[in-house]
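Chain by chain, the residues:
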Amino acid sequence: MTQNKCKNFFNNFWNKTKQASIKVWNYFSLYEKLWFLTITILAFVFAFVFPEEDVGGINGKVIMALYLIDIFSNILCELLISKQSKWNFLVSLIVEFTEIAICIVCAYRFATMAVTIFFWIPVDIVSFFVWHRHPDKRETELTEVRKLKGWQEVAVIAGIIIWTVGIGYLLTLIDVENGILSSSPVLEKVVCYFDACCSAVGIANGLFILFRYQEQWIAWYICTFLEIAINIMAGQWILLVLKAGYLTNTTYGYIKWNKYIKEKRKNDELALANNDELALKNAEENLQKESNPSDTSHDALLTESQSKENNENISDISLLNEESPNTNKDDLTEENQTENKDDSSLLKEENQNTNKDDLSDNKK
């Protein structure tokens, strides 16, 4: 019995896993599957060609493993964002914890690490529920997205510049020993400002994603180019594979979101036009009724006269029904009286005849 139960359990588990895998596989298009597999294969190739050295007593293989997890989770997260899927935020949490570990191990990019801890993790959790509450009306698997206004773009750019200058200067005051860039003080200071700018754009990107703005793809472009420069200066060649994936998927996602926004705007305009036509027809009908009150009063009078006639007809019918049994009774009594009179006259004649016959017999 126990063997059969275990066998049934594993069979059910295998069938459910198989069905879920097929569903996930079919969820992605051919291009998306090829893109994901290409970036993954390239990452493993770079891992063997450019192995990581030990940093601060941490084994290079551990650092390489963190890089590979970061690449795999990042490209999956990017792919889900491009598909307007809310599930990207759950994958993004894996990305955040992995990047925090990389920053600690490599002893660099402290601005990015702080922003990840205090901003990105809470934003990912909140964004999941926000996106869940705004599904597309036609395709529930999608989330509604939109575009920024002009004054919002100016405010975001100004905030990024102020953050970059202020936070970048504070980062240059931190003295780090045994860091990945500790051997080159000049590069270390340059990376501080790049890191500050990247963290500022990352905050803007997080807010754009939270509020479902298309401009988050532009923020991804800026972050990607800044991180490419940082990875080259730090000798993190394997992470360039991830940045190549960023650039291609960012272009793909921007095109998809832009197409969706245009189609949605067109559908909304058509729906609004249809509603306007209905409202216009109703307004015209109301105006016609208001401009021709005599017609309406005439119609009202006609209906009143018709109702009166109907009531009179009904009353006549009821009176006739009441009189008819009385008339029938009178007719019956008259008929009975005439019949009785006729019968009595006949009896009288017969009696007279019999009397006459008797008299004649007596005479004889």
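Residues numbered from 1 in each chain as written. Predicted model: local features only at pLDDT ≥ 70, side-chain atom pairs only at ≥ 80, totals over all residues. Heavy atoms only, no water.

**Some remarks on the overall build of the protein chain**
Note the following rule: Under the DSSP-based scheme used, a helix requires at least four consecutive residues in state H or I and a strand at least two consecutive residues in state E, with every element numbered from the N terminus. Contact definition: two residues touch when any of their heavy atoms are within 4.5 Å. All accessible areas in this document rest on Shrake-Rupley with a 1.4 Å probe, and a residue is counted as covered only by the protein chains that are shown.
When you go through the protein chain residue by residue, the secondary structure sums to 10 helices and 0 strands. In the protein chain, the succession of helices and strands from N to C terminus is α-α-α-α-α-α-α-α-α-α. Considering only contacts within the protein chain whose residues lie at least 6 apart along the sequence, 76% involve residues at least 24 apart. Summed over its atoms, the accessible surface of the protein chain is roughly 23,800 Å², and 62% of this surface lies on carbon and sulfur atoms.

**Here's the deal with the pattern of salt bridges**
Going by this rule: By salt bridge we mean one thing: a side-chain nitrogen of Lys or Arg within 4 Å of a carboxyl oxygen of Asp or Glu. Only protein chains enter the accessibility calculation, which uses a 1.4 Å probe; a residue whose area is less than 20% of its type maximum is buried, one above 50% is exposed, and one in between is partly exposed.
Counted according to the given criterion, the structure contains 5 salt bridges. Between Asp 195 and Arg 109 there is a salt bridge, with the nearest N and O atoms lying 3.4 Å from each other. Taken as a pair, Asp 195 in helix 7 (residues 185-210) and Arg 109 in the loop between helix 4 (88-106) and helix 5 (110-132) lie far apart in primary sequence, 86 residues in all. Where Glu 227 meets Arg 109, a salt bridge forms, and the shortest distance between an N and an O atom there is 3.5 Å. In this pair, Glu 227 is assigned in helix 8 (residues 216-234) and Arg 109 in the loop between helix 4 and helix 5, connecting sequence segments 118 residues apart. Here the two residues Glu 227 and Arg 109 agree in accessibility, since each one is buried. Overlapping salt bridges bring together Arg 109, Asp 195, Glu 227 and Lys 243 as one network.

**Thoughts on the confidence of the model for the protein chain**
Rule in force here: One confidence number per residue, pLDDT, is output by the predictor and ranges from 0 to 100.
For the protein chain, per-residue confidence averages 79 on the pLDDT scale, and 78% of positions sit at 70 or higher. A low-confidence stretch, residues 324-329 (pLDDT under 50), is modelled with 0 contacts involving residues beyond four sequence positions or located in other chains.

**Re a nonpolar patch on the surface**
This is how it is decided: Residues with no salt bridge and a relative accessible area higher than 30% make up the patches, which join like charges within 9 Å and nonpolar side chains (Val, Leu, Ile, Met, Phe, Trp, Tyr) within 5 Å.
A surface patch of nonpolar side chains, amounting to about 1,000 Å² of accessible area, comprises Trp 25, Leu 37, Ile 41, Phe 44, Val 45, Phe 48, Val 49, Phe 50, Ile 232 and Trp 237. Residue contributions to the nonpolar patch peak at 6 residues, all from helix 2 (residues 30-49). If you trace the backbone, Val 49 turns up in helix 2. Relative accessible area serves as the criterion here: at 53%, Val 49 is assigned to the exposed category.

**Let's talk about unusual backbone geometry**
Unlike most non-glycine residues, Ala 107 shows phi in positive territory, near 55°. The topology assignment puts Ala 107 in the loop between helix 4 and helix 5. In the Ramachandran plot, Arg 212 falls in the positive-phi region, its phi being about 65° despite a non-glycine side chain. In this structure, Arg 212 sits in the loop between helix 7 and helix 8. The class of Arg 212 is buried, set by a relative accessible area of 7%.

**Regarding the nonpolar core**
To keep things clear, this is the line we draw: Buried Ala, Val, Leu, Ile, Met, Phe, Trp, Tyr and Cys residues that are joined via side-chain atoms within 4.5 Å together make up what is termed a nonpolar core.
Counting 51 residues, the largest nonpolar core has Tyr 67, Ile 71, Ile 81, Ile 209 and Ile 238 as its most contacted members. Counting residues per element, the ones that place at least two in this core are helix 2, helix 3 (60-82), helix 4, helix 5, helix 7, helix 8 and helix 9 (239-291). At 11 residues, helix 3 tops the list of elements feeding residues into this core. Each residue touching Tyr 67, except ones within four places of it in the same chain, is listed here: Glu 52, Ile 102, Cys 106, Gln 236, Ile 238 and Leu 239. Formed by 12 residues, the second largest nonpolar core is a distinct cluster that contains Cys 197, Ala 200, Val 201 and Ala 219.

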